[in-house]
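Close look at the chain arrangement
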Amino acid sequence: MNVEKRRKTKERLEKSNTYTWLLKASDLMDRYYVDAALGFAIPGGIGDALAALISVVYVGFSAFKIRSFPLTLAIINNSLRDVLLGMIPFYLGDIIDIFHRSNQQNMHLIRGFVEGDQQTIKTVNRKATYSIILFVCLCIMIYFMVKLVIWAGQLIISGLS
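Since we're looking at a predicted model, the values are computed, not measured.

Scanning all chains against the criterion turns up zero disulfides. Free cysteine Cys-137: the closest other cysteine sulfur is in Cys-139, separated by 9.4 Å. Cys-137 sits in the partly exposed class, given a relative accessible area of 36%. Overall, Cys-139 belongs to the partly exposed group, its relative accessible area being 37%.

So, in structure tokens, the structure goes:
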């Protein structure tokens, strides 16, 4: 039953307009280097931010069509890494974008997850775990930064009195 359900889900997803669009966007952005070209053409991280807008569709597809929290986290992880790498100054990030190919990685994760490929599912779960750990660490760091700012503010105010 599980195999039959997976096959029907796969067929339904592959027939969706969004899936077809993601396949085309993945090819355009990574195989034809539009992702890197946007970074080269529009400096200051703006081109990278525009290219990252494509990732929103991958995130939406995994969250609302596939309904997988781990897959969504893994795609967010890939996409944010792509933005971060693309923003490395002096066009080095754009050169890295040529090789990183996050859109194709995201499509590979979606395909493998839907097909039930155990290696892909393991990768998705690993990336999701890393994303959660990173999120928790960032929240802790933000908490301590807020405490530091409050402490510094109190120190300055007491010094002015």
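The next subject is the packing of helix H2 (residues 17-31) against helix H3 (residues 34-41). In the contact formed by H2 and H3, the axes pass within 5 Å of each other and the chain directions differ by 55 degrees. Between H2 and H3, the interaxial angle falls into the category oblique. Across from Leu-28, Met-29 and Asp-30 in H2, the residues of H3 making contact are Val-34, Asp-35 and Leu-38. Partitioning the contact of H2 with H3 into residue classes produces four nonpolar, no polar and two charged.

The next point concerns helix H7 (residues 102-115). Helix length check: H7, at 14 residues, gives a terminal C-alpha distance of 20 Å against a target of 20 Å (1.5 Å per residue), a fit within 8%. Buried residues of H7: Ser-102, Asn-103, Asn-106, Met-107, Leu-109, Ile-110, Gly-112, Phe-113 and Val-114, and no others. At the C-terminal side of H7, Gly-116 shows a positive phi close to 80 degrees.

For the rest of this paragraph, the subject is the layout of surface pockets. If you add up the space inside the largest pocket, you get close to 260 Å³. Taken together, the elements giving at least two residues each to the lining of the largest pocket come down to helix H5 (69-86) and helix H8 (118-160). Of the residues that constitute the lining of the largest pocket, the class distribution is nine nonpolar, two polar and one charged. Counted as a void, the second largest pocket has a volume near 210 Å³.

What counts and how
- Residues numbered from 1 in each chain as written.
- Predicted model: local features only at pLDDT ≥ 70, side-chain atom pairs only at ≥ 80, totals over all residues.
- Heavy atoms only, no water.
- Disulfide = S-S within 2.5 Å.
- Buried < 20%, exposed > 50% of the residue type's maximum accessible area, 1.4 Å probe, protein only.
- Axes fitted to C-alpha atoms, helices over the stretch in contact; angles between N-to-C directions.
- Helix = DSSP H or I, 4+ residues; strand = E, 2+ residues; numbered from the N terminus.
- Parallel < 35°, antiparallel > 145°, perpendicular 65-115°, else oblique.
- Contact = heavy atoms within 4.5 Å.
- Nonpolar A, V, L, I, M, F, W, Y, C, P; charged D, E, K, R; others polar.
- Expected span 1.5 Å × (residues − 1).
- 1 Å grid on protein atoms, 1.4 Å probe; cavity = no way out; pocket = protein on both sides within 12 Å on 5 of 7 lines; lining within 4 Å.
- Points joined across faces, edges and corners; volume = space filled by probe spheres on them.

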